[in-house]
Amino acid sequence: MFENFRNIGIIAHIDAGKTTTTERILYYTGLTHKVGETHDGASVMDYLDVEKERGITVTSAATKCVWKGVSINIIDTPGHVDFTAEVERSLRILDGAVVIFCGKGGVEPQSETVWRQADKYRVPRIAYVNKMDAIGADFHRVVEQIKKRLGGNPLILTLPVFEDEVFTGVIDLIKMNYQTFAGSLGNDVKETAIPEQYVEEAERWRLELVEKMAETSEELLDLYYNNQPITDQQLVAAIRANVINASVVPVICGSSYRNIGVQTLLDTVVNYLPSPLDVEAIKAVEIDTGKKMEIQPQDDITAALIFKIVSDRHVGKLAFTRVYSGSIKTGSYVFNSTKGKKERVGRIVKMHANHREEIEEVKAGDIAALIGLKDVGTGDTICDGAMPVLLESIEFPEPVIQIAIEPRTQSDQGRISEALAKISAEDPTFRMIYNKETGQTLLSGMGELHLEIITERLAKEFHVGINVGQPEVAYKETITRSAEHETRFVKQTGGRGQFAHVVLRLEPAEDFEFVSKVVGGAVPREYIPAVESGVRQALEEGVLKGYPVVNVKASLLDGSFHEVDSSEMAFRTAAMMAARECLKKAGPMLMEPVMRLEVTSPEEFTGNIINNISNRRGKLDSMEMHNSTQIIRGYVPLAEMFGYSTVLRSSTQGRAGFSMEFSHYEEKNIAS
């Protein structure tokens, strides 16, 4: 059963053809009866209004299809760097990935990001070089880039065929035949002899393929050295084993838009990407004993991970879930071990983008959406109450950019909180904070496009009228030296008074830490959590500009209490006052987010680009040439990057592109 499952993601740089490829897959597997195009706003997988209007994917969409008896769960992910968390959470629960490259653009900046994310989760992958019909497409250049820039070990399985400079089909190096895709939508796959002018090239690459595989298998090595024939089945088995252990990346080519090579891609997915049985066992912790364990699909216990929450106006929360072992049935009770709550599963649906198909049960190795769970979030573990386990959660990058929004009318004020709560439940990289003093709501996200899409959704999907302020950078504050302060909080009222006395020390640290060094019960144990709570509250607003304070160790050194007048509230207040005084003495410092910037440009504009990066307080990291294209990498404060795309386009005649992602926080000179 498990052998006939594939859970795969489609990942790539923006505009490499992910959604177009997925649309063709749905058509060829019989799931749809016509092909939707992204540029017409008619694709199945881009179902949000903002996706249809912009022709880009902003949220990962799931679907399921069947090819040659194998069930394939597909997640089509966004390519824009602002939505990189969608890729992150998808890769966490997938067994394999198809990385799509543009035949002309090759390895583009976001290609590197998604490749690194796949490396992080050790996801086996195949590479599909798309858009081979484009002018300037170069299959072998892309293969070389996969090797040099991504550190992959590419294994060529198909070669492109051109007739009069027109891309007509592919040569399959396993079957050693020429495949063309006839009919109006490429349904009719024809296998013929390799064109004469390509025979020599095909034989050369077939030999390299055989030699590479022989190096990894004693059986094949013996056959190769003894000039014995190696069957297609033996070759496929060797490639599959090497893909699963992530030592090779099969590379095939095609043009999804021209309906060439997509069926070959499906064959490659089925033949080489792993089933749930082939991948490493998922790591878990047994809650009752704290013992670490590994969970296999065939284990009796139920263990599943919620990797995405979607708010649906008709059914409420949809909790997208990957089941690692056991099964979940409609109407059954499950235990959310992350939240420590028991919940009932109302319904289970298989998702086809935004269409739903009800099912009675979801089993190990499969992906489905659960309806009826109330208190769930991304990264929560769902399991059996009889044997509760906790799976490793999903880490997301911190948001680095802020905008301020205000409701236009009183009726908008009421709807805005509900709408933002729904978006926040869906998107783990989105944060919102309400500022009582200004009446503004601060939204934090991964980039300008991310926040633009959220404000569009508020207006169009939730019908909330808002005014939007300028983006602001999410600064943080920290301290540079150790400082101590003693606070005595005494408040006498008509009845019972308030008394708390604390001696607190703050010092720089790697992360927040709180320790109590009180001896002899000077501060009773029951008041220690209140002291920590007061310190945490004080650190929410720094003394320089009111930004959150990070990387601080707080130590409660001493104090005293009053038998009658002391309370948790008094100690919380005293700790807050002491922490604020410590912050003033401890050399407070502003920290700003710094982005890793990569600019791809023709060589003649290099000087202008480097000067511009320097003027933005940036630091150059590296430069390298690929053909006549210069790739410039560096680090620039986010505060200096607003409007950079317009400046870059105008200074390079629209020929340069860039991508950036959050790198780290570093000290900011307040004057700069």
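Predicted model only: the values in this text are computed from it and were never measured.

### A short note on the overall build of the chain
Argument step 1. The secondary structure content of the chain amounts to 15 helices and 38 strands.
Argument step 2. For a compact globule of 672 residues, the expected C-alpha radius of gyration is about 26 Å, and the chain comes in at 29 Å, within 12% of that figure.
Argument step 3. Along the three orthogonal principal directions, the C-alpha set of the chain runs to about 100 × 65 × 55 Å.
Argument step 4. The buried share of the chain, reckoned over its 672 residues, is 55%.
Argument step 5. Considering only contacts in the chain between residues 6 or more positions apart, those separated by 24 or more positions represent 72%.
Argument step 6. In the structure as shown, the chain presents an accessible area of about 29500 Å², 48% of it carried by carbon and sulfur atoms.
Argument step 7. Taking the average location of the 74 positive side-chain charges in the chain and that of its 95 negative ones, the two points are 5 Å from each other.

### Quick word on the side chain of T478
Argument step 1. With respect to the element layout, T478 can be found in strand β30 (residues 476-479).
Argument step 2. In terms of polar contacts, T478 uses its side chain to reach the backbone carbonyl oxygen of V550, at 2.9 Å.
Argument step 3. With near-sequence residues (within four places) excluded, T478 lies in contact with V549, V550, N551, G587, P588, M589 and M591.

### Observations concerning the nonpolar core
Argument step 1. With 76 residues, the main nonpolar core has I72, V98 and I239 as its most contacted residues.
Argument step 2. Aside from chain neighbours lying at most four places away, what touches I239 is L155, L157, I174, L209, M213, V248, P250 and Y272.

### Concerning the packing of helix α8 (residues 232-244) against helix α9 (residues 262-272)
Argument step 1. For the pair α8 and α9, interaxial distance at closest approach is 9 Å and the crossing angle is 75°. The angle between α8 and α9 places the two elements in the roughly perpendicular class. Touching V236, I239, R240, V243 and I244 of α8 are V270, N271 and Y272, all from α9.
Argument step 2. Residues of the contact of α8 with α9, tallied by class, amount to six nonpolar, one polar and one charged.

### Concerning the packing of helix α10 (residues 410-426) against helix α11 (residues 448-460)
Argument step 1. One can describe the packing of α10 onto α11 by two numbers: an axis separation of 11 Å at closest approach and a directional angle of 135°. Regarding the angle of α10 to α11, the classification is oblique. Relative to α11, the crossing made by α10 is right-handed. Residues A419, L420, I423 and E426 of α10 form the contact with α11, whose participating residues are I454, R457 and L458.
Argument step 2. A per-class count over the contact of α10 with α11 returns five nonpolar, no polar and two charged.

### Considering a nonpolar patch on the surface
Argument step 1. A cluster of nonpolar residues, V285, I287 and L390, forms a patch on the protein surface that exposes about 200 Å² of accessible area.
Argument step 2. Take L390: it is sitting in strand β24 (residues 389-391).
Argument step 3. When its relative accessible area of 34% is taken as the criterion, L390 is described as partly exposed.

### Some thoughts on α8
Argument step 1. Helix length check: α8, at 13 residues, gives a terminal C-alpha distance of 18 Å against a target of 18 Å (1.5 Å per residue), a fit within 8%.
Argument step 2. Of the residues making up α8, those classed as buried are L235, A238, I239, R240, N242 and V243.
Argument step 3. Phi turns positive one or two residues past the end of α8, at A246, with a value near 60°.

### Structural notes on the sheet that holds strand β33 (residues 513-516)
Argument step 1. Taken in spatial order, the four strands of this open sheet run β31-β32-β34-β33, and their pairing is mixed. Edge positions in the sheet fall to β31 (483-491) and β33, since each of these pairs with one other strand and no more. Here the average twist between neighbouring strands, direction ignored, is 25°.
Argument step 2. Sheet analysis places β31 next to strand β32 (residues 498-508), joined by nine bridges and oriented antiparallel. By the bridge assignment, A483 is partnered in β32 with L506.

### Overview of the packing of aromatic side chains
Argument step 1. Under the counting rule described, the total for this entry stands at eight aromatic pairs.
Argument step 2. Aromatic side chains F307 and F320 sit 6.1 Å apart centroid to centroid with 65° between the ring planes, which places their arrangement in the edge-to-face category. Taken together, the residues span a long stretch of sequence, with F307 in strand β14 (residues 303-312) and F320 in strand β15 (residues 316-325) at a distance of 13 residues. When sorted by exposure, F307 lands in the same class as F320, which is buried.

### Section: the sheet that holds β24
Hydrogen bonds between backbone groups are what pair the strands of a sheet, and the pairing can be parallel or antiparallel.
Argument step 1. Spatially, the three strands line up as an open sheet ordered β13-β12-β24, and their pairing is antiparallel. The open sheet has two edge strands, β13 (292-295) and β24, and neither has a second partner. Each adjacent strand pair in this sheet contributes to an overall mean axis angle of 40°, direction not counted.

### Regarding the pattern of salt bridges
Pairs can form between side chains of opposite charge whenever their charged atoms are close.
Argument step 1. Evaluation of the coordinates by the stated rule reveals 29 salt bridges.
Argument step 2. Between E507 and R505 there is a salt bridge; the shortest N-O distance is 3.4 Å.
Argument step 3. A single network of salt bridges, built from pairs that share partners, joins K64, K350 and D366.

### A few points about the confidence of the model for the chain
Argument step 1. On average, residues of the chain score 85 in pLDDT, and 91% of them reach the 70 mark or higher.
Argument step 2. With pLDDT under 50 throughout, residues 36-48 is counted as low confidence; its partners more than four residues away or in other chains account for 46 contacts.

### Points about unusual backbone geometry
Argument step 1. For M176, which is not a glycine, the phi torsion comes out positive at approximately 55°.
Argument step 2. The topology assignment puts M176 in the loop between β8 (166-172) and β9 (177-182).
Argument step 3. Among the residues examined, M176 registers a relative accessible area of 27% and is labelled partly exposed.

### Examining the environment of I466
Argument step 1. Position of I466 among the secondary structure elements: in strand β28 (residues 466-468).
Argument step 2. Note: C-alpha distance between I466 and D222 (244 residues apart in sequence) is 71 Å.

What counts and how
- Note that residues are indexed from 1 along each chain, following the sequence as it is written.
- Thresholds applied to this predicted model are a pLDDT of at least 70 for local features of residues and 80 or more for the giving and counting of side-chain atom pairs; totals over whole chains, interfaces and linings are not thresholded and use all residues.
- Heavy atoms from the whole structure form the basis of all side-chain values; hydrogens and water molecules are not counted.
- What counts as a helix is a DSSP run of H or I of at least four residues, what counts as a strand is a run of E of at least two, and both are numbered from the N terminus.
- Every radius of gyration here is taken over C-alpha atoms, with the globule rule written as 2.2 Å times N^0.38, N being the number of residues.
- Summary of the burial criterion: residues with accessible area below 20% of their type's maximum are buried, those above 50% are exposed, and those between are partly exposed, where the area comes from a 1.4 Å probe applied to protein chains only.
- Contacts between residues were defined by any pair of non-hydrogen atoms, one from each residue, lying within 4.5 Å.
- We get accessible surface area from the Shrake-Rupley algorithm with a probe of 1.4 Å; when it comes to residues, only the shown protein chains can shield them.
- Positive charge is attributed to Lys and Arg, negative charge to Asp and Glu, and no charge count is given to His or to the chain ends.
- One atom stands in for each charge, and that atom is NZ of Lys, CZ of Arg, CG of Asp or CD of Glu.
- As used in this structure description, the phrase polar contact means that two N or O atoms lie within 3.5 Å; if the pair is within protein, one of them must be able to donate a hydrogen and the other to accept it, and residues adjacent in sequence are counted only when both atoms belong to side chains.
- For the purposes of this section, nonpolar cores are sets of buried Ala, Val, Leu, Ile, Met, Phe, Trp, Tyr and Cys residues that join through side-chain atoms within 4.5 Å.
- A fitted line through C-alpha atoms represents every axis, and for helices the fit uses only the stretch in contact; the resulting angles, taken between N-to-C directions, go from 0 to 180 degrees.
- Roughly parallel refers to an angle under 35 degrees, roughly antiparallel to one over 145, roughly perpendicular to one between 65 and 115, and oblique to any angle outside these ranges.
- Residues are sorted three ways: Asp, Glu, Lys and Arg are charged, Ala, Val, Leu, Ile, Met, Phe, Trp, Tyr, Cys and Pro are nonpolar, and all the rest, Gly among them, are polar.
- Crossing handedness: left-handed means the near helix sits turned counterclockwise from the far one by under a right angle, and right-handed means the same turn made clockwise.
- Residues enter patches when their relative accessible area tops 30% and they take part in no salt bridge; the joining distance is 9 Å for like charges and 5 Å for the nonpolar side chains Val, Leu, Ile, Met, Phe, Trp and Tyr.
- Counted as salt bridges are all cases of a side-chain nitrogen of Lys or Arg within 4 Å of a carboxyl oxygen of Asp or Glu.
- In a helix, the anticipated span is given by 1.5 Å times the number of residues less one.
- Each pair of strands is called paired provided DSSP finds at least two bridges between the two strands.
- Ring geometry is summarised as follows: Phe, Tyr and Trp rings, the Trp one being its six-membered ring, pair when their centres sit within 6.5 Å, and such pairs are stacked at plane angles under 30 degrees, edge-to-face over 60 and tilted between the two.
- For every residue, the pLDDT score states the predictor's confidence, bounded by 0 at the bottom and 100 at the top.

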